[in-house]
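# Topology and contacts: notes
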Amino acid sequence: MKILVINCGSSSLKYQLIDMKDEEVLAKGNFEKIGLEDSFLTHKVKEKKYTINKKADNHEIAIKTVLQQLTNKEYGVINNLDEISAVGHRIVQGGEFFDKSVLINDDVIKKIKLCIELAPLHNGAAIKGIEACKVAMPGKPMVATFDTAFHQTMPKENYLYPIPLRFYSEYKIRKYGAHGTSYRYVSQRINEIMDKQGKERKIVVCHLGQGASLAAIQDGKVVDTSMGLTPMGGIMMCQRVGDIDPSVITYMMEKENILPRDMVELLNKQSGLLGVTGVSSDFREIEKAASGGDEKAILAIKMYVEKVAEFIAKYMVIMQGIDVIAFTAGIGENQIGVREKICEKLKVFGVQIDKVANNCRGEETKISSENSQIEVWVVPTNEELVIARDTKKLV
Ligand code: AMP
């Protein structure tokens, strides 16, 4: 059985074709700049990379172009589209409607649309991807996997905000979290690779990418996570603000006459590491600047480390202990120095890092020393595989 996994952004379409027999990725790629003149597709088959410059005005043209590459006479990996058994879509926001993946039907589409308000760019794009696949592969079974679904186990005391409760009952304003598919993969992996000793572990996963969050997972269920109503809350991110005193926002708006939509843009795109450093939103650039003595870059990294460590400390209390901390996503998998600094902060909990083991990038590795009271791991995430597995199960 071959499953096509689709992850649509507002101007991008990432995909993987996975053979579920051995979970091998047959081909993958990314269509970028959809809607612009210079849109292009990067398609990879094993080590080989193909760049297709194609103007795609919309996601429908993009998906058609992707399917043409998958069936291409020269480097295609399937003979025809009938070989694709089903399509799995990544959906960012499922609200309170979905606590697991589901087969897509009209009712599911209606509910995904109802959640657009909470994730306008992401859910809007996902709908475009679903509609485009419907046109390109009529009748093909499709599954929706939600980033918020895994977080639906959070108890009320952790997902409600201390605002008048009618805002929750009337508008469903609450913490939804994000990166749930990544948390599912990493926490399951941790439970697989470690001796279970008859019980599920208390795990903190740090998904540190461009967008970043942490989750506390006990007995396989999320009990708390750092992201909130939208992916702007929680820890400081590459360009997103994370949690701050709410009156900072109204104060800034009053001082400079900033409109709400411009404020959202400022907090979403010009804050975080970028806002503090003025250098870049890419951690590699910030690290380079810091090692060259740039004081703002050094400060920004300190702030970042502090925020991550704060959430881990919070989860220590919420779960009454932590057995494993796992780092994943771009920064978590690759930034050796950041992992080391975070673990240094956690010495108070008996965390001891093995500096030699920590000298790794993108590999599943235990990075804590034998004496550490909490095991620390690097586990590369694989959200696409979770979506493909769910899709296989449902069809
Ligand atoms: P993601 O959103 O998971 O792709 O993560 C993006 C972030 O990860 C960026 O800030 C990058 O600087 C960082 N990152 C990605 N790859 C590497 C790498 N090989 N070495 C260091 N940092 C990386």
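This report concerns the structure included in the present document.

Rules and cut-offs
- Residues numbered from 1 in each chain as written.
- Predicted model: local features only at pLDDT ≥ 70, side-chain atom pairs only at ≥ 80, totals over all residues.
- Heavy atoms only, no water.
- Helix = DSSP H or I, 4+ residues; strand = E, 2+ residues; numbered from the N terminus.
- Rg over C-alpha atoms; globule rule 2.2 N^0.38 Å.
- Buried < 20%, exposed > 50% of the residue type's maximum accessible area, 1.4 Å probe, protein only.
- Contact = heavy atoms within 4.5 Å.
- Near = heavy atom within 4 Å.
- Polar contact = N/O pair within 3.5 Å; in protein donor to acceptor, adjacent residues only side chain to side chain.
- Nonpolar A, V, L, I, M, F, W, Y, C, P; charged D, E, K, R; others polar.
- Pairing = 2+ DSSP bridges.
- Axes fitted to C-alpha atoms, helices over the stretch in contact; angles between N-to-C directions.
- Parallel < 35°, antiparallel > 145°, perpendicular 65-115°, else oblique.
- Left-handed = near helix turned anticlockwise from the far one by under 90°.
- Patch = residues over 30% accessible without salt bridge, like charges linked within 9 Å, V, L, I, M, F, W, Y side chains within 5 Å.
- Areas by Shrake-Rupley, 256 points an atom, 1.4 Å probe, with all protein chains shown as cover.
- Salt bridge = Lys/Arg side-chain N within 4 Å of Asp/Glu carboxyl O.

Turning our attention to the overall build of the protein chain. Of the regular secondary structure elements, the protein chain holds 14 helices and 14 strands. Whereas a compact globule of 395 residues would reach a radius of gyration of roughly 21 Å, the protein chain reaches 21 Å, a difference of no more than 12%. Overall, the C-alpha framework of the protein chain stretches about 60 × 55 × 45 Å when taken along its three principal axes. Counting over 395 residues, the protein chain shows a buried share of 51%. For the protein chain, the share of sequence-separated contacts (at least 6 apart) that also reach a separation of at least 24 residues comes to 60%.

On to the site of the ligand, then. By nearness alone, every residue bordering the ligand is listed as Gly209, Gln210, Cys238, Asp282, Phe283, Arg284, Ala329, Gly330, Ile331, Asn334, Gln335 and Arg361. In this structure, a nitrogen atom belonging to the ligand sits 3.0 Å away from a side-chain N or O atom of Gln335. Looking at the shell around the ligand, the elements with two or more residues in it are helix 10 (283-291) and helix 12 (329-334). In terms of residue count, the dominant contributor to the shell around the ligand is helix 12 (four residues). Of the residues assigned to the shell around the ligand, the class counts are four nonpolar, five polar and three charged.

As a further point, take the pairing of strand 2 (residues 13-19). In the case of a regular strand, side chains alternate between the two sheet surfaces. For strand 2, the tally of buried residues reaches six of seven residues, placing the bulk of the element in the interior. Pairing analysis gives seven bridges linking strand 1 (residues 2-8) to strand 2, with the strands arranged antiparallel. From the neighbouring strand, Lys2 faces strand 2, where its bridge partner is Asp19. Bridging between strand 2 and strand 3 (residues 24-32) involves seven bridges; their strand directions are antiparallel. Across the sheet, the residue bridging to Gln16 is Lys28, located in strand 3. Between the antiparallel neighbours strand 2 and strand 3 lie four residues, among them Glu23 with a positive phi of about 55 degrees.

Once that is clear, we can look at the packing of helix 11 (residues 295-318) against helix 13 (residues 336-345). Relative orientation of the contacting elements helix 11 and helix 13 amounts to 50 degrees, with a least axis distance of 9 Å. What the angle tells us is that helix 11 and helix 13 run oblique. For the pair helix 11 and helix 13, the crossing hand works out as right-handed. Listed contacts from helix 13 to Ile301, Tyr304, Val305, Glu306, Val308, Ala309 and Ile312 of helix 11 are Val338, Lys341, Ile342 and Lys345. Among the residues forming the contact of helix 11 with helix 13, the class breakdown is eight nonpolar, no polar and three charged.

To continue, consider a nonpolar patch on the surface. Together, Met1, Leu103, Leu394 and Val395 make up an exposed nonpolar region whose accessible area comes to about 310 Å². Accessibility expressed as a relative area gives 41% for Met1, which makes it partly exposed.

A few words on the sheet that holds strand 11 (residues 221-225). Strands belonging to one sheet form pairs held by backbone hydrogen bonds; the direction of such a pair is parallel or antiparallel. Across the sheet, which stays open at both edges, the six strands sit in the order 11-10-9-12-14-13 with mixed pairing between neighbours. Unpaired on one side and paired on the other, strand 11 and strand 13 (365-366) mark the two borders of the sheet. Note: strand 13 against strand 14 (residues 375-378), two bridges, orientation antiparallel. The residue of strand 14 that forms the bridge with Thr365 is Val378. Running at roughly 135 degrees to strand 9 (residues 202-208), helix 6 (residues 180-193) makes contact with strand 9, strand 10 (212-218), strand 11, strand 12 (324-328) and strand 14 of the sheet.

Moving on: the sheet that holds strand 5 (residues 48-53). If you trace the eight strands from one edge of the open sheet to the other, you get 5-4-3-2-1-6-8-7, paired in mixed fashion. Lying at the two open borders of the sheet, with one neighbouring strand each, are strand 5 and strand 7 (102-103). Pairing of strand 1 with strand 6 (residues 84-91), which is carried by five bridges, proceeds in the parallel orientation. Bridge pairing links Leu4 to Val87 in strand 6. Against the sheet, helix 3 (residues 120-136) makes contact with strand 1, strand 6 and strand 8 (142-146), and its axis sits at roughly 165 degrees relative to strand 6, the strand it touches most.

Scanning the entire structure with this criterion turns up 25 salt bridges. Salt-bridge contacts for Lys64 lead to Glu60; the nearest nitrogen and oxygen are separated by 3.9 Å. A residue pair is termed a helical-turn pair when its members lie 3 or 4 positions apart in one helix, as Lys64 and Glu60 do in helix 1 (residues 59-70) at four residues. We note a salt bridge from Lys355 to Glu340, for which the minimum N-O separation is 3.5 Å.

We now examine the packing of helix 7 (residues 246-256) against helix 8 (residues 260-269). When two helices pack together, their arrangement is captured by the angle between the axes and the distance separating the axes. At a closest axis distance of 11 Å, the pairing of helix 7 and helix 8 adopts a crossing angle of 120 degrees. Relative to helix 8, the element helix 7 lies oblique. In this structure, helix 7 meets helix 8 at a crossing whose hand is right-handed. Contact with helix 7, carried on its side by Ile249, Met252 and Met253, involves Pro260, Met263, Leu266 and Leu267 of helix 8 and no other residues of that element. Among the residues forming the contact of helix 7 with helix 8, the class breakdown is seven nonpolar, no polar and no charged.

Distances and angles like these do not, on their own, reveal function.
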